[in-house]
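Below are the chains, spelled out letter by letter.
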Amino acid sequence: MMRELLHPDDSLERQRDKLLRISAALMQRVEQTPSNASAAFSQFERAALLEAEVRQRTNDLEKTLDLLNQSNAQLAEANQETETARSYLNEAIESVNEGFALFDNNDCLVLHNSRFCRDLLDLVPKLENGMSFKNYVKKVSQSIYLDLPPDMSPDMWVKNRLRRHKDEAVVFNVALTRDRWLQVSEYRTTLGGTVILQMDVTNIMRAERAQREELVDNQSRMLRATLDHLAQGVCIFDKDARLVGWNRKLEELIDLPLPGASLGMTFDSILNLLRGKMSFGMGFGRKWLVDWSNKESGRAPISFEVTRGDTQTFDLFAQEMPDQGFVISFTDVTQERRSAKALREMNRTLEHRVNERTEELGLALKEAKRANESKNRFVAAASHDLLHPLSAAKLFLASLQDRDLEAEAQDITLKAASALSSVEGIIEALLDISKLDAGRAVFDIKPCGLDTMLQSLATEMAPLAETKGLTLDTVSSTATVVSDQVFLRRILQNLISNAIRYTQEGRVLVGVRNAGDQVRVEVHDTGPGIAKEDQARIFQEFAQLAPSRSGSNGLGLGLAIVDRACQSLNHGLDLRSTPGQGSCFSVTLDRDTRKADADEAHGTDLPNANAIRGKMTLLVENDLGLARAITLKIEGWDGHVIHCETGEEAMALLDEIELAPDAMLLDYQLGAGMDGVALCRALWQRYGPVSTAIISASRDASLKRACDEIGIPLLRKPLDTVKLRMFLDSAAT
Amino acid sequence: MTDTFRPMRLAGDVRHGSTFVTAQVAVHSANPATQLARAFQGVELAHVLVFATPQADFAALMKGLSAALGPCPVVGCTSAGEIGRGGYLDDHIVAVGLPRKLYSARAVLIQDLGKTNLSHQVDRLIQNRVALRTANRERPNGFAFLMVDGLSQREDALVSALTPALGYTPLFGGSAGDGINFERTYVGCDGHIYEDAATVTFVATACETQVFSVNHMVPSKTRMVVTEADPERRVVKEINAEPAAQEYARLVGKDPQQLDELTFAAHPVMVRIGEDYHVRAIQRMNKDGDLVFFSAIDEGMVLTTAEPRDMASHLDASIEQLVKGRAKPDILGCDCILRRIEAQKSQTQQDIGRVLERHEIVGFSTYGEQIGPLHVNHTLTGVAIFPKSDQVS
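Residues numbered from 1 in each chain as written. Chains lettered and ligands numbered in written order. Predicted model: local features only at pLDDT ≥ 70, side-chain atom pairs only at ≥ 80, totals over all residues. Heavy atoms only, no water.

Trainee: What exactly am I supposed to notice about the packing of helix α3 (residues 118–135) of chain B against helix α4 (residues 155–166) of chain B here?
Mentor: Each pair of packed helices gets described by two things: the angle between the helix axes and the distance between those axes. Residue and element names in this part refer to chain B. At a minimum axis separation of 8 Å, α3 and α4 run at an interaxial angle of 40 degrees. The pairing of α3 with α4 is recorded here as oblique in orientation. Judged by the twist between their axes, the crossing of α3 over α4 is right-handed. On α4, the residues touching L118, V122, L125, I126 and R129 of α3 are A157, L158, A161, L162, A165 and L166. Tallied by class, residues from the contact of α3 with α4 come to ten nonpolar, no polar and one charged. (Axes fitted to C-alpha atoms, helices over the stretch in contact; angles between N-to-C directions. Helix = DSSP H or I, 4+ residues; strand = E, 2+ residues; numbered from the N terminus. Parallel < 35°, antiparallel > 145°, perpendicular 65-115°, else oblique. Left-handed = near helix turned anticlockwise from the far one by under 90°. Contact = heavy atoms within 4.5 Å. Nonpolar A, V, L, I, M, F, W, Y, C, P; charged D, E, K, R; others polar.)

Structure, rendered in structure tokens:
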């Protein structure tokens, strides 16, 4: 295209010249300044360039405006959406039944619905979005509709509230004026904001309260019914010692309604009303009672007696209740007292009679003893006296036997000798019996081996059995028994010989049976047996069953001796017999269980193992638990316990039952009344120096001195059982 | 109130557009001023624009119109041809009336373009413009319409000076013509006519307005350099160090002896400024063999020959593009004489005419056009005024 610039016909020089000119023109143009430029064209040029630039800029501007419009449109849309969302949200939280508020993670209020804090009318206009939580709480605390507890200032409330705000989730109730209630719950949101919900729980609270009141009503109705059901009279006082309730029984018991008595009367005034009619038991003055009732709390339970005229007696028991009020129960004990009195009378009468009889018996016994003794003396004397001529007779007979006599005469001397022997035996038996009776028999108690004894007896008795054609079997035993050897042998010998004597055919069996600690030696026979009605009789002296049949020479003393000996030795003697079949006599002996030294405790003089048995102990102890424990212990030892809580009570009681205790356990600290030492003195004054011990937890030296002064032991609590036992034992003996 | 329309017995042609009223009358009819005034009867007018063939007695016309139309300001100029009902017109007087119902307007006369320090005029222009706007706040849209003496050689300077005074108001306009005689051109204002003058009419309306320019030239690859020129007189003496006309003829493949306006119209040259090409139209060849231009030139300028596209379809498409999606507008246009000549030469005058008619374009043919700050050639500049939907009459 540059070719056109030059004429094709131009010479080269011409071309060159032209090109030079063109170049010059162009260069000039390029270099031109505003001053030498042609105004019009340069204006045009400038304008055109400017126009182009403006156009470009306008384009850009338009594009930008477009974009801006677009963004604006989007923004508007987004705003719209936000607005819509916001209005949905607002609608939603408005429709919620509870007050709702949202605080962001900087604790600034973001939104709330119209129910929020609605009841705090003075707060509502102050609520504005963006307010801090602290500010909000402060304003709530200042609201006149907030019902602060009487001891809480608004600042304290604020402090409490802010403390709770730190928790993740918290629920609590807020009291508003006019008995309205809000339940406020706070929750932390995931973004660290806080949601507060307020629910009006007034109705729920009121319903609950009504329910509770109804319940209380029901309870008081039930209480009233229960109280009216009681056999005791009950009256209840509040912690200010004002009467708040009583039951019908009380009205009956003390002829209520008291004129002018009504709910709210003080205890003092009621006592005033009763003044003329009631008199108190010892130690319990009216003043003392009033003081007790006026205590604010910590009243110890008391019980005491009041009498009305001389017709009625009441047991009063007063006790504090959990709400620091107290209750007093009246029990009409008139009848009881009367019965007790009657019993006492009867007791006295009986004792009197018993004493009389005992005296009579004593006399009779003396008489009997005297008779027995004289009999014994007689028998002993007679026997003794008889023995001399008897031995003389025997001697004479012996000398006669020595002479050479005719067979007939010899026969007669033999018979005479036999007769004399029998008489000797009888006399010896009688002597024994009398000795046994008089209790003058001396026993040598020691372990005896049955084995040897039975063997020897078997040997001795065998010929006799053989003569009668009977079998004598002995089943021995290695047992060792405790008895007098000589007498035991005689007993067994007697039983076996009786068995042989009275059995016509069959056998006699001697055996030993084990019975735990004891051993039974049995003698069985196949004799005719002994009828029941005869069984007692046969142990009497000179009693014999069918003596002709026995064919013996016995006098019937054997069993009498056996009986007495067994009694004295404390051996059991039994008879079992079936007529027509046979009999079994058995002797029950104590087994010797000791290895080495036989203890001498087993004898007739067995001392009484339990001295306390049957003894009465007075226990004055105001600690009911301890008293019960001591009582149980003593009763476990077969003792009796009378328990009182105070000295005054003890004295009154002993007065009533008119019995002196065998021993006395007195607590030192007995509450408001007299202490243990004083009580001891008072009781001794009344009943003489009964064995007494003071029990006390006090380690005070002065107490020890006081006890020592009187001369009574001091048992420290906690009680040592051994010491207690020792004291009671010593008191019993 | 409705505009009443009374049919004319006389030869005045009236057309009620979407927003303004156009009337045209042949130059040789009796009392053209009266006829035109009558044509506008019944319409309360804010302003009247008049384009008159050089055949007319321009002074009498202006006087007559001013008298007839009373307080309504009338501005006008001589043309190189008219555009109205029928497309390209000759020997006509075309008047455009802006009804007060939709328009407010103010005209500013600038005299003695050659001597006046134009920058002093800026104040006046600004005041008038702002006053118009202030009085018509409900009419935010508008434009500035320039009519300038086409032989003044001062269009570039004028437009340059005007531009700062315009603010955001878009400017368009045309240079008054003298047919193809190039001897005397006039601008008229309020009954008087002036040479070496210009009128700036500020128009305010509530209707949407769009100022536009249409140019169907495509630059070719053939370039030339102006090696010697007289920019004051818009004369190019040498091109490529050869006599201008001769070289031009060579480059466009024409006989240098037979250069006429048809040639110039058919083979315009363009100067490139930035990305854009602007037509520098050749008026004539003078007796020295120089080329006289219609617009500013300078030594060292590089000119490129241009090839026209099909003017009719280009114009049609351009207007279509302009109007797209909106109601049918009224279009006031300043069309370069060279386009008309080109149309004649290529015998597309009728096609163009049809396009002009179809889009109801009214205006005049010019010795040059102004669009924004530029004085251009071979262009159709104009304004399209879109009616509001409730105002289509």
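There's plenty left to go through after this.
Trainee: Is there a simple way to explain the pattern of salt bridges in this structure?
Mentor: If charged atoms from side chains of opposite charge come close, those side chains can pair. Across all of its chains, the model carries 45 salt bridges over all chains by this definition. Between R29 of chain A and E45 of chain A there is a salt bridge, with the nearest N and O atoms lying 2.7 Å from each other. Of the two residues, R29 of chain A sits in helix α1 (residues 12–31) while E45 of chain A sits in helix α2 (residues 39–95), which places them 16 residues apart along the sequence. Since its relative accessible area comes to 12%, R29 of chain A is described here as buried. On the basis of relative accessible area, E45 of chain A is assigned to the partly exposed category, the value being 23%. One salt bridge in this structure joins D411 of chain A and K415 of chain A, with 3.5 Å as the shortest N-O distance. Taken together, the residues D411 of chain A and K415 of chain A, both in helix α10 (residues 407–438) and four residues apart, mark about one turn of the helix. The network of salt bridges with common partners includes D10, R14 and K18 of chain A together with E242 of chain B. (Salt bridge = Lys/Arg side-chain N within 4 Å of Asp/Glu carboxyl O. Buried < 20%, exposed > 50% of the residue type's maximum accessible area, 1.4 Å probe, protein only.)

Trainee: Would you mind showing me how to read the interface of chain B and chain A here?
Mentor: Often the size quoted for an interface is simply the accessible area lost on bringing the parts together. Between chain B and chain A, the residue contacts involve 36 residues of the former and 28 residues of the latter. Roughly 2,600 Å² of surface becomes buried between chain B and chain A when both sides are summed, with 60% attributable to carbon and sulfur atoms. The largest share of the area that chain B buries against chain A comes from R250, I273 and D298 of chain B, three residues that together contribute 20% of it. Counting across the chain B and chain A interface gives five salt bridges. Of the charged contacts, one joins R21 of chain A and E238 of chain B as a salt bridge, the two residues approaching to 2.3 Å between their closest N and O atoms. Counting the contacts that link chain B with chain A gives five residue pairs in polar contact (both at pLDDT 80 or more). Contributing elements (two or more residues each) for the side of chain B that touches chain A: α4, β15 (217–230), α5 (244–252), β18 (269–273), β19 (276–280) and β26 (374–376) of chain B. (Buried area = accessible area lost by both parts, 1.4 Å probe. Polar contact = N/O pair within 3.5 Å; in protein donor to acceptor, adjacent residues only side chain to side chain.)

Trainee: Explain the side chain of S293 of chain A to me, please; I cannot follow it from the model alone.
Mentor: All names here are of chain A. Within the fold, S293 resides in helix α8 (residues 286–294). From its side chain, S293 meets the backbone oxygen of V290 in a polar contact 2.8 Å long. In this structure S293 touches A241, F267, R299 and F326, once residues within four positions along its chain are discounted.

Trainee: Would you mind going over the nonpolar core with me for this structure?
Mentor: In a soluble, globular protein the nonpolar side chains are often hidden away together inside. Membership of the largest hydrophobic core comes to 62 residues, with the highest contact counts inside it found for F51, F145, Y248, L291 and L332 of chain B. Here the element with the most residues in this core is α5 of chain B; it accounts for six residues. When residues of this core are assigned to domains, at least three fall in each of domain 1 (14–214 + 312–391) and domain 2 (217–308) of chain B. With sequence-adjacent residues up to four places away left out, F51 of chain B is seen in contact with C77, E82, H92, I93, V94, V96, F145, M147, L332, G363 and F364 of chain B. Of all hydrophobic cores here, the second largest spans 44 residues; its members include F487, L488, L492 and I538 of chain A. (Core = buried A, V, L, I, M, F, W, Y, C linked by side-chain atoms within 4.5 Å. Domains from an automatic or database assignment.)

Trainee: Looking at this model, I keep getting lost on the pairing of strand β11 (residues 326–332) of chain A. Mind explaining?
Mentor: All names here are of chain A. Counting buried positions along β11 yields five of seven residues, so the element is predominantly enclosed. Across five bridges, the pairing between strand β6 (residues 233–237) and β11 is antiparallel. Residue pairing across strands places C235 opposite I328, the latter belonging to β11. Pairing analysis gives seven bridges linking strand β10 (residues 312–320) to β11, with the strands arranged antiparallel. Bridged to L316 within β11 is F330. Counting the residues between successive antiparallel strands, the hairpin from β10 to β11 contains five residues, one of them, Q324, with a positive phi of roughly 65 degrees. (Pairing = 2+ DSSP bridges.)

Trainee: Hey, could you run me through the side chain of S79 of chain B in this one?
Mentor: Its place among the elements puts S79 of chain B in the loop between β4 (74–78) and β5 (82–84). Look past the residues within four positions of S79 of chain B in its chain and what remains in contact with it is A52, T53, P54, G177, D178, G179, F364 and S365 of chain B.

Trainee: Help me understand the sheet that holds strand β3 (residues 45–52) of chain B in this model?
Mentor: Note on sheets: strands pair through backbone hydrogen bonds, and any given pair is parallel or antiparallel. Residue and element names in this part refer to chain B. Within the open sheet, the seven strands sit side by side as β1-β2-β7-β3-β4-β11-β12. Their pairing is mixed. Each end of this open sheet is capped by a strand with a single partner; those strands are β1 (13–16) and β12 (192–194). Between one strand and the next, the sheet's axes are offset by a mean angle of 15 degrees, whatever the strand orientation. The pairing of β1 with strand β2 (residues 21–26) spans four bridges and is classified as antiparallel. If you follow R15 over to β2, its bridge partner there is T22. Contacts from helix α2 (residues 58–69) reach β3, β4, β7 (92–99), β11 (187–189) and β12, with the element oriented near 165 degrees to β4.

Trainee: Even after reading the chapter, I still don't get the packing of α10 of chain A against helix α15 (residues 558–569) of chain A, so can you show me in this structure?
Mentor: Residues and elements named next belong to chain A. Orientation of α10 relative to α15, taken along the N-to-C sense of each, is 30 degrees, at an axis distance of 10 Å. As the angle between them shows, α10 and α15 are arranged roughly parallel. Crossing of α10 over α15 shows left-handed handedness. Judged by residue contacts, A429, I433, L436 and D437 of α10 engage A560, I561, R564, A565 and S568 from α15. Residue classes in the contact of α10 with α15 are distributed as six nonpolar, one polar and two charged.

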